[in-house]
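Here is what each chain is made of, one letter per residue.
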Amino acid sequence: MHDMNYADDYILSILKSVRTIALVGASIKPQRASYRVTKFLLEKGYTVFPVNPAYAGQSIHDRRILAGLSDIPEPVDMVDIFRRSEDAGRSVDDAIGIGAKVVWLQLDVIDHAAAERAEKAGLKVVMNRCPAIEYPRLIGKEPIA
């Protein structure tokens, strides 16, 4: 089973090393956490590719929403997953398939088997955490760049 006790240095190294983030489960609804996290990550200087087949072609924070990870036109460092735990494994497998370096499963999103597949494929894994919480806690209010 994947250990979810992440050292601060591990989380910090991810937040400082990634530049491009695919956000799976992006929503156009302002009340949704994925909407707010997309905005937060953009404000911190990351390049964010919102992904959600239900909203493909629409925009969120001036970023066009893509149908899937394979539609992203450049390499992605991290895939941030806003899906139910039982649906997260497919997104993790897609992240492995596109050559992402990190998979980050949001708060309450836990899939130990998918995490193990990702780690075996050489990806770093974070589960049950939110980068919009970890960033201010470990870095502060300034953009990463």
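It should be noted that the structure appears before, not after, this text.
Conventions and cut-offs
Residues numbered from 1 in each chain as written. Predicted model: local features only at pLDDT ≥ 70, side-chain atom pairs only at ≥ 80, totals over all residues. Heavy atoms only, no water. Pairing = 2+ DSSP bridges. Helix = DSSP H or I, 4+ residues; strand = E, 2+ residues; numbered from the N terminus. Axes fitted to C-alpha atoms, helices over the stretch in contact; angles between N-to-C directions. Contact = heavy atoms within 4.5 Å. Polar contact = N/O pair within 3.5 Å; in protein donor to acceptor, adjacent residues only side chain to side chain. Buried < 20%, exposed > 50% of the residue type's maximum accessible area, 1.4 Å probe, protein only. Right-handed = clockwise from strand over helix to strand, strands pointing away. Phe/Tyr/Trp six-rings, centres within 6.5 Å; stacked < 30°, edge-to-face > 60°.

Asks: Tell me about the sheet that holds strand β5 (residues 78–81), and name the residues and values.
Replies: Hydrogen bonds between backbone atoms are what pair the strands of a sheet, whose relative direction is either parallel or antiparallel. On the basis of which strands lie adjacent, the open sheet formed by five strands has the order β2-β1-β5-β6-β7 and parallel pairing. Unpaired on one side and paired on the other, β2 (47–51) and β7 (124–126) mark the two borders of the sheet. Direction aside, the axes of adjacent strands within the sheet are offset by 15° on average. Sheet topology note: the β5/strand β6 (residues 102–105) ladder contains four bridges and is parallel. Counted as the bridge partner of Val 79 is Val 103 from β6. Contacting β5, β6 and β7, helix α1 (residues 8–17) runs over the sheet at an angle of about 110° to β7. The sheet contacts of helix α2 (residues 33–43) involve β1 (20–24), β2 and β5, and relative to β1 the element is tilted by about 175°.

Asks: Outline the environment of Arg 19, listing residues and values.
Replies: Along the chain, Arg 19 turns up in the loop between α1 and β1. With 26 residues separating them in the primary sequence, Arg 19 and Gly 45 have C-alpha atoms 7.9 Å apart. A polar side-chain atom of Arg 19 sits 3.5 Å from the main-chain carbonyl oxygen of Lys 16.

Asks: Requested: an account of the pairing of β2, with residues and values cited.
Replies: Of all five residues that make up β2, four are buried, and the element is covered over most of its length. Here β1 pairs with β2 via five bridges, running parallel. Within β2, the position partnered with Ala 22 by the bridge is Phe 49. For the crossover that starts at β1, traverses α2 and ends in the parallel β2, the hand is right-handed.

Asks: Requested: an account of the pairing of β6, with residues and values cited.
Replies: Side chains Val 102 and Trp 104 of β6 all project onto a buried face; the interleaved residues Val 103 and Leu 105 project onto the opposite face, where all are buried too. Where the polypeptide runs from β5 across helix α3 (residues 85–98) and back to β6, its parallel neighbour, the crossover connection is right-handed. In the sheet, β6 pairs with β7 via three bridges, with the strands oriented parallel. What sits directly across from Val 103, in β7, is Val 125.

Asks: Please give an account of the packing of aromatic side chains that cites residues and values.
Replies: Counting across every chain of the model gives three aromatic pairs. Look at Phe 40 and Tyr 135: their rings are 5.6 Å apart centre to centre, the planes differ by 80°, and that puts the pair in the edge-to-face class. Of this pair, Phe 40 sits in helix α2 while Tyr 135 sits in helix α5 (residues 131–138), and the two are 95 residues apart along the sequence. The burial state of Phe 40 is the same as that of Tyr 135; both residues are buried. Note on Tyr 46 and Tyr 135: the rings are 6.4 Å apart at their centroids and 80° apart in plane angle, and the pair reads as edge-to-face. Of this pair, Tyr 46 sits in the loop between α2 and β2 while Tyr 135 sits in helix α5; the two residues are 89 residues apart in sequence, bridging distant segments of the chain. Here Tyr 46 matches Tyr 135 in class, with each residue buried. A connected cluster of aromatic rings, assembled from ring pairs, spans Phe 40, Tyr 46 and Tyr 135.

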